[in-house]
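# An overview of the molecular structure
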Amino acid sequence: MSVFNSIAETRTSLDAADYLVDDGMSMALFLAVKLGQPVLLEGEPGVGKTTAAKALASALGTELIRLQCYEGISASEALYEWDYPRQMLGIRLAESGNSTMASSDLFTAEYLLDRPLLKAVRSSGDVPPVLLIDEVDRADDEFEAYLLEILSDFQVTVPEVGVFRAERPPLVVLTSNRTRDVHDALKRRCLYHWVEHPDFEREVAIVKLRVPGVDDGLARQVAAAVEALRGLNLYKPPGVAETIDWANALGRLGATRLDEELVANTLGTVLKYREDHQRVDQHGVAEVVKQAFEKGLLHG
């Protein structure tokens, strides 16, 4: 596994994985690797929290294992399930006399299907995986308490089989959109970093990286327009992903600069709620275009 020897090396490695980070994110991921401690990335949707985990795995040359949290997720759903089709096949073979399988043989490690948590614990390669626990704020208190137990000792128990302990603990990245507060007990177990929207120049750089061939002036105007939209107190401010989508859509249309009609007709690529479209209409699309031109020229 590649080892980050400095914050600068961390940043360079993440840049090479097409993830442009600021100093705060570089520090958080560097310490997570060096200390072997989980890191909780919290922030608005679309600021690049999930992408950070993917880039970390890429930079370290290791596997990414993703657990997507949702309301009502249970420990068993995150941990393991039994391979019922294979078990049924074994039963039928035993019934036909072609197998000496006993009922107890149906619940062994051979018939386990690893879900993300067990997969991360059972990983036996030389390189520990990156375990992404995505949108942990969507899960309930009971599941969060279970996660705390897992992250404390990286071992899990399957009643029919026994205890599995991680040979090398995975690198854990948790993300939260802060739809609810994550409990203090879990936060104390983790390093913490609040992820902001990128500044203007970094967002321009991200657009140019992720939308190859985009016109430089258009990239600046799009980043400036999105920055202006974020200042309108929208229900769902656009994230970096929406900035990239907008620039990509405009590029496909052959645009090299924004104008009022183009913005109005393509706003659906960046704003996804009717209320936000209405707010932009009230503010004035022309004003958004004006701010985009002014900032794009000022920083060009």
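Residues numbered from 1 in each chain as written. Predicted model: local features only at pLDDT ≥ 70, side-chain atom pairs only at ≥ 80, totals over all residues. Heavy atoms only, no water.

## Quick notes on the overall build of the chain
- The secondary structure content of the chain amounts to 14 helices and 9 strands.
- The dimensions of the chain, computed from C-alpha atoms along their principal axes, are 75 × 45 × 35 Å.
- Split into buried and exposed, the 300 residues of the chain put 45% on the buried side.
- Of the contacts made within the chain by residues no fewer than 6 positions apart, 74% connect residues no fewer than 24 positions apart.
- For the chain, the computed accessible surface area is about 14,900 Å², with 48% contributed by carbon and sulfur atoms.
- Between the centroid of the 31 positive side chains of the chain and the centroid of its 47 negative side chains there is a distance of 2 Å. (Helix = DSSP H or I, 4+ residues; strand = E, 2+ residues; numbered from the N terminus. Buried < 20%, exposed > 50% of the residue type's maximum accessible area, 1.4 Å probe, protein only. Contact = heavy atoms within 4.5 Å. Areas by Shrake-Rupley, 256 points an atom, 1.4 Å probe, with all protein chains shown as cover. Lys, Arg positive; Asp, Glu negative; His and termini not counted. Charge placed at Lys NZ, Arg CZ, Asp CG, Glu CD.)

## Observations concerning the environment of Ser13
- Tracing the backbone through its elements, the reader meets Ser13 in helix H1 (residues 7-16).
- Sequence separation between Ser13 and Leu56 is 43 residues, and the spatial gap between their C-alpha atoms is 8.5 Å.
- Non-local contacts of Ser13, meaning those with residues more than four positions away in its chain, are made with Phe4 and Ala59.

## Describing the pattern of salt bridges
- With the rule as written, the count across this model stands at 15 salt bridges.
- Between Arg180 and Asp141 there is a salt bridge, with the nearest N and O atoms lying 4.0 Å from each other. On the criterion of sequence distance, the pair formed by Arg180 in the loop between strand E8 (171-176) and helix H8 (184-189) and Asp141 in helix H7 (residues 141-153) is long-range, its members being 39 residues apart.
- The partner of Arg220 in a salt bridge is Glu201, and the shortest N-O contact between them spans 3.3 Å. With a gap of 19 residues between them, Arg220 in helix H10 (residues 216-230) and Glu201 in helix H9 (residues 200-210) connect regions that are remote in the sequence.
- Counted as one network, the salt bridges with shared partners bring together Glu201, Lys208, Asp216 and Arg220. (Salt bridge = Lys/Arg side-chain N within 4 Å of Asp/Glu carboxyl O.)

## With respect to unusual backbone geometry
- If you check the backbone angles, Glu135 has positive phi at about 55° while not being a glycine.
- Residue classification places Glu135 among the buried positions, given a relative accessible area of 18%.
- Of note in the backbone geometry, Arg178 takes a positive phi value of approximately 60° without being a glycine.
- In this structure, Arg178 sits in the loop between E8 and H8.

## A look at the pairing of E8
- A large share of E8 lies buried, amounting to 6 of its 6 residues.
- The side-chain alternation of E8 yields two buried faces, one formed by Leu171, Val173 and Thr175 and the other by Val172, Leu174 and Ser176.
- Sheet analysis places strand E1 (residues 39-43) next to E8, joined by 4 bridges and oriented parallel. Its bridge partner being in E8, Val39 is matched across the sheet by Val173. (Pairing = 2+ DSSP bridges.)

## Considering the side chain of Thr266
- On the secondary structure map, Thr266 appears in helix H12 (residues 260-266).
- Sequence-distant contacts of Thr266, that is, excluding residues within four places in its chain, are made with Trp246, Leu250 and Leu253.

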